[in-house]
Amino acid sequence: RDDAGRIAITSLAATLGKLKVTGIVNVTPGERTRIDAKLASDQIDWAQAFLDSGGTVIPAPPTDKLYSDRPMAWALVNALAGTEGVVDGEVKSLRLRNGMELRGTRARVQFRDDTMEVKPFSTQMLGGTATGTMAFGGAKKTVRIQFEGRNLQLERWLKERGSKVPFTGGPMAVTASLSGRGESMQDVASSITGPITVRMGRGTWHSQRAGEIETLMTNVFAPRDANDIEFACLAANLPFKDGRATARRIIGARSQASRLISSGTVDFREGQLDLRGKVAAAKGVTLGISAIANDIVIRGPLRKPQVALDKAGTPAAIARVGVAIATAGASLLGTALVEAASDKNDPCEVVFR
C-alpha cells in the first residue's frame, strides 16, 4: 500500500524452494531509493538456498587450499548502487555451507551504494556464543571482520564440519580483528591482516598412538597404556599479515604430562603449517626422549599436518646422549632437573607475552 509516497509491504511471506521468509518492507523512492525491512526465517540451509536460487553445486576447494577460488557475490553488493537502507534479520537455525549450525542469529545490515555493513550480529554456535561486525566494499572487494566467541567447543567444530578427529571438550575463547580483499574467499584469506587469538580450556584427544608417543617423549618408564592426551589448555596468538602469521612463540599447549611452546608460521596463502617447538614434562623430571631430543616439527597442510622430530636438532641430541652415557646418565637427570626448575611459565600464557 501507499503510505505518503512510501511503498509499505506490511505482511510479506516469501518462499524460495525450502526457504521461507516473513517480514515487513518499506521502500521510499527518490534520488536515492531507501529500503527498510525486518525479515525472519525459521530455518536456512545456505547451500540448499543457493541451489534453489539457480546456483550449481560448488566443488570442494583444492586440498592445498583452505577455501574455493570461486568468486564471491560481489555483484550483489555492487547492485545496491543508488540505494541505502537497513535490514534487521533473525534466523532461528542457519546452517552454513561448511556444515556448522548457527542458532538464534540476529543481524542488522546497513548499506549505501556498494558498501554493506553487518553491524552488529550475534548468534549461538558450537555450544557457545559469538558477536561481531562485518563490512564489505564492493568496488574494491574489501572485507573487514570483528569477531568475539566465547565457550566455543572444539569438539563440535570438528564434528559439525565432518571431521573424524576423536576429540571431546575444548571450550575456546576466540577473538579476531581482520581485514582482507580479493575476488574469492581464498583471495581474502591470502591477504588477511590482523590478530587472531585462541584460548582453549580442557579437552581430550582420544588417540592411543598419540598418547603413547607423548608418554615416550616424557617418561619412558610409564606404562604404555595411554589411550589419549588430556589437554589442560591450548593457546594461539596469530599476528596475520598478508595471509601469514609468523612469531617466535605462536602456539602453546599444556597437557597432564607435557608442555609445548612452538614458533613458526601459519600460512593461509598456501594452506600450510610450519612450526617448531620443544616438548617437556608438565612438571617434575623429564625421563623420556624429550630429555635428549625435545625439538619437534609440525609441518604440512593445515588440513592434516604431520609431527616429527626436528632433524636440525640431531647433532645436539647426539651430543647430549654421549655426555649422558659418559656420566652414567647423571648429567641427563641433572639437566632435566634444572630445566624443570627454571621454566615455570605456563605455555598457554607465554605466547601472549
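The rules behind each value
Residues numbered from 1 in each chain as written. Predicted model: local features only at pLDDT ≥ 70, side-chain atom pairs only at ≥ 80, totals over all residues. Heavy atoms only, no water. Helix = DSSP H or I, 4+ residues; strand = E, 2+ residues; numbered from the N terminus. Buried < 20%, exposed > 50% of the residue type's maximum accessible area, 1.4 Å probe, protein only. Contact = heavy atoms within 4.5 Å. Polar contact = N/O pair within 3.5 Å; in protein donor to acceptor, adjacent residues only side chain to side chain. Core = buried A, V, L, I, M, F, W, Y, C linked by side-chain atoms within 4.5 Å. Phe/Tyr/Trp six-rings, centres within 6.5 Å; stacked < 30°, edge-to-face > 60°. Lys NZ or Arg CZ within 6 Å of the ring centre and 35° of its normal. Pairing = 2+ DSSP bridges. Salt bridge = Lys/Arg side-chain N within 4 Å of Asp/Glu carboxyl O. pLDDT = per-residue confidence, 0-100.

A separate point is the environment of Glu148. Summarising the element assignment, Glu148 is placed in strand β9 (residues 142-153). On the basis of relative accessible area, Glu148 is assigned to the partly exposed category, the value being 38%. Spatially, the C-alpha atoms of Glu148 and Gly132 are 6.1 Å apart, while their sequence positions differ by 16 residues. The residues touching Glu148, leaving out its near neighbours within four places in the chain, are Thr129, Ala130, Thr131, Val174 and Thr175. A polar atom in the side chain of Glu148 sits 2.9 Å from the side chain of Arg150.

What follows covers the nonpolar core. Residues Leu238, Phe240 and Val266 are the most contacted members of the largest nonpolar core, which totals 49 residues. The element best represented in this core is strand β14 (residues 229-241), accounting for five residues. Residues Val25, Val27, Ala37 and Val87 belong to the second largest nonpolar core, which totals six residues.

This next bit is on unusual backbone geometry. Following Lys119, the chain continues to Pro120 via a peptide bond in cis, the omega torsion being 0°. Inspection of the secondary structure assignment puts Pro120 in strand β7 (residues 115-125).

Here we come to the packing of aromatic side chains. Across all of its chains, the model carries three aromatic pairs by this definition. Considering the side-chain rings of Phe167 and Phe231, the 6.3 Å spacing of their centres and the 35° angle between planes classify their relative orientation as tilted. Here Phe167 is found in strand β10 (residues 167-169), whereas its partner Phe231 is found in strand β14, with 64 residues between them in sequence. Ring geometry for Phe240 versus Phe268: centroids 4.6 Å apart, planes at 40°, classification tilted. Note that Phe240 is positioned in strand β14 and Phe268 in the loop between β16 (258-267) and β17 (272-281), a separation of 28 residues in sequence. The two residues Phe240 and Phe268 agree in class, both being buried. Note that Arg97 overlies the ring of Phe50, its terminal NZ or CZ placed 5.2 Å from the centroid. A cation over a ring is seen here: Arg199 above Phe352, with NZ or CZ 3.9 Å from the ring centre.

Two elements, strand β3 (residues 19-28) and strand β4 (residues 33-45), share seven bridges in a ladder whose sense is antiparallel. Residue pairing in the sheet places Thr22 in a bridge with Ala40 of β4. Hairpin connection of β3 to β4: four residues between the antiparallel strands.

Our next topic: the pattern of salt bridges. Counted under the stated rule, the structure contains 20 salt bridges. A salt bridge links Glu349 to Arg199; the shortest N-O distance between them is 3.3 Å. One end of the pair, Glu349, is in helix α8 (residues 347-350); the other, Arg199, is in strand β12 (residues 194-200), and 150 residues separate them in sequence. Note on Glu349: relative accessible area 34%, which makes it partly exposed. Between Asp274 and Arg276 there is a salt bridge, with the nearest N and O atoms lying 3.1 Å from each other. Judged by its relative accessible area of 37%, Arg276 is partly exposed. Each member of the salt-bridge network shares a partner with another, and the members are Arg34, Asp36, Glu84 and Arg112.

Take the side chain of Glu84 next. Examined against the element boundaries, Glu84 turns out to sit in strand β5 (residues 83-95). One polar contact links Glu84 to Arg112, side chain to side chain, over a distance of 2.5 Å. With residues near it in sequence (within four places) discarded, Glu84 still touches Arg32, Thr33, Arg34, Ile35, Phe111 and Arg112.

Another point: the confidence of the model for the protein chain. In the predicted model, the protein chain carries a mean pLDDT of 81, and 79% of its residues have values of at least 70. Confidence over residues 285-293 falls short of pLDDT 50; this stretch has 37 contacts with residues more than four positions distant or in other chains. Every residue in residues 313-343 scores below 50 in pLDDT, and together they form 21 contacts with partners more than four places removed in sequence or on other chains.

Within the secondary structure layout, Asp45 lies in strand β4. Taking the C-alpha atoms as reference, Asp45 lies 7.7 Å from Arg97; in sequence the two are 52 residues apart. At a separation of 3.2 Å, a polar atom in the side chain of Asp45 contacts the main-chain amide nitrogen of Ala47.

Tracing the sequence through the fold places Gln186 in helix α4 (residues 185-191). There is a polar contact of 3.0 Å between the side chain of Gln186 and the backbone nitrogen of Tyr67. A distance of 3.5 Å separates the side chain of Gln186 from the backbone oxygen of Arg269, its partner in a polar contact. Once you skip the residues sitting within four places of it in the chain, Gln186 turns out to touch Lys65, Leu66, Tyr67, Ser68, Asp69, Phe268 and Arg269.

Here is the key point about a regular strand: its side chains alternate between the two faces of the sheet. Summarising the sheet, strand β1 (residues 2-3) and strand β2 (residues 6-16) pair through two bridges and their orientation is antiparallel. Its bridge partner lying in β2, Asp2 is registered against Ile7. Between β1 and β2, which follow one another and run antiparallel, lie two residues, and Ala4 among them has a positive phi close to 55°. Counted between consecutive antiparallel strands, the loop separating β2 from β3 contains two residues, among which Gly17 sits at a positive phi close to 60°.

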